[in-house]
Every structure is written in structure tokens, then in C-alpha cells.
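For reference, the chains in residue letters:
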Amino acid sequence: MKRSRFTEEQIIVVLREQEAGVPTAEVCRKHGVSSATFYKWKAKFGGLEVSDAKRLRALTFPRKSGHRVKRISPLLDRG
């Protein structure tokens with residue numbers, strides 16, 4: 001699955017901008033998204049606040065406590 005350029009928090013900020021009275025076409029143009037993407041975001045994140053999105057992400061992708069990710073390439077071990 002392709003990763004989004006926008007985080008959930010950024011998407012909610014874009015939706016709030018449109019709810020504040022800015023025309024949808026202008027919001028889409030400003031942020032570089034299509035109107036179809038905007039309405040898909042609105043269907044998914046329409047009623048959420050930023051804190052709700054953070055909580056949703058925490059439930060979807062739980063952190064592994066105490067586990068380190070093993071590096072595959074020795075080039076990545078620098079630093």
C-alpha cells in the first residue's frame with residue numbers, strides 16, 4: 001500500500017480549512033490534492049479532531065516496547 005504524503009493531523013487541518021469557509025477547489029489547489037482525494041479524506045476523517053487521529057494511529061500501529069529494529073544493510077548501521 002502506498003504511503004500518504006500527508007499525516008492524519010495534516011489531513012484534518014486541510015479539512016478544517018475548508019470548513020472555515022475556504023472553497024474546496026482553492027483548498028485542493030493550495031495543498032496539491034485532487035477533489036476526489038479531498039472528499040475521500042472527508043469521508044474518512046470528517047468528524048475527527050487531531051487528538052482523535054493520534055489515538056486512532058496508536059490503536060492501529062501499536063509500538064513495540066523494548067524491541068529494536070534489526071538493520072539489514074551494514075550501510076545503515078552508521079551513526
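What counts and how
Residues numbered from 1 in each chain as written. Predicted model: local features only at pLDDT ≥ 70, side-chain atom pairs only at ≥ 80, totals over all residues. Heavy atoms only, no water. Helix = DSSP H or I, 4+ residues; strand = E, 2+ residues; numbered from the N terminus. Buried < 20%, exposed > 50% of the residue type's maximum accessible area, 1.4 Å probe, protein only. Contact = heavy atoms within 4.5 Å. Areas by Shrake-Rupley, 256 points an atom, 1.4 Å probe, with all protein chains shown as cover. Arc of directions from axis to C-beta. Salt bridge = Lys/Arg side-chain N within 4 Å of Asp/Glu carboxyl O. Core = buried A, V, L, I, M, F, W, Y, C linked by side-chain atoms within 4.5 Å. Axes fitted to C-alpha atoms, helices over the stretch in contact; angles between N-to-C directions. Parallel < 35°, antiparallel > 145°, perpendicular 65-115°, else oblique.

> Explain the overall build of the protein chain here, please?
If you tally the helices and strands in the protein chain, you get four helices and zero strands. Overall, the protein chain shows an N-to-C arrangement of helices and strands of α-α-α-α. Evaluated residue by residue, the protein chain yields a buried proportion of 20% over its 79 residues. Long-range pairs, those at least 24 residues apart, make up 62% of the contacts in the protein chain between residues at least 6 apart in sequence. Of the roughly 6800 Å² of accessible surface on the protein chain, a fraction of 56% belongs to carbon and sulfur atoms.

> Hey, could you run me through helix α2 (residues 24–31) in this one?
Those residues of α2 not exposed but buried are T24, V27 and C28. One face of α2 carries all of its buried residues, which in axial projection span an arc of 100 degrees. Turned more than 90 degrees from where α2 packs its buried face, A25, R29 and K30 sit exposed. In this fold, the buried residues of α2 make contact with α1 (8–19) and α3 (35–45). One or two positions beyond α2, positive phi appears at G32, with a value near 75 degrees.

> For this particular structure, what's the right way to read the pattern of salt bridges?
Between side chains of opposite charge, a pair can form when the charged atoms approach closely. Within the structure shown, the criterion is met by two salt bridges. When the shortest N-O distance is used, the salt bridge between R16 and E19 registers 2.9 Å. Of the two residues, R16 and E19 are both situated in helix α1; the distance of three residues between them amounts to about one turn of the helix. With a closest N to O distance of 3.2 Å, K30 and E17 form a salt bridge. Here E17 lies in helix α1 and K30 lies in helix α2, a separation of 13 residues in the sequence.

> So what exactly am I meant to see when it comes to the nonpolar core here?
Generally speaking, a soluble globular protein has its nonpolar side chains buried in company with each other. Counting residues in each nonpolar core, the largest one holds eleven residues, listed as F6, I11, I12, V14, L15, V27, C28, V33, F38, W41 and F45. Counting residues per element, the ones that place at least two in this core are α1, α2 and α3. Residue contributions to this core peak at four residues, all from α1.

> Looking at this structure, I do not really get the packing of α2 against α3. What am I missing?
To describe two helices that pack against each other, one gives the angle between their axes and the distance between the axes. As a packed pair, α2 and α3 sit with axes 9 Å apart at the nearest point and diverge in direction by 105 degrees. Between α2 and α3, the interaxial angle falls into the category roughly perpendicular. Here T24, V27 and C28 of α2 lie close against α3, whose contacting residues are S35, F38 and Y39.

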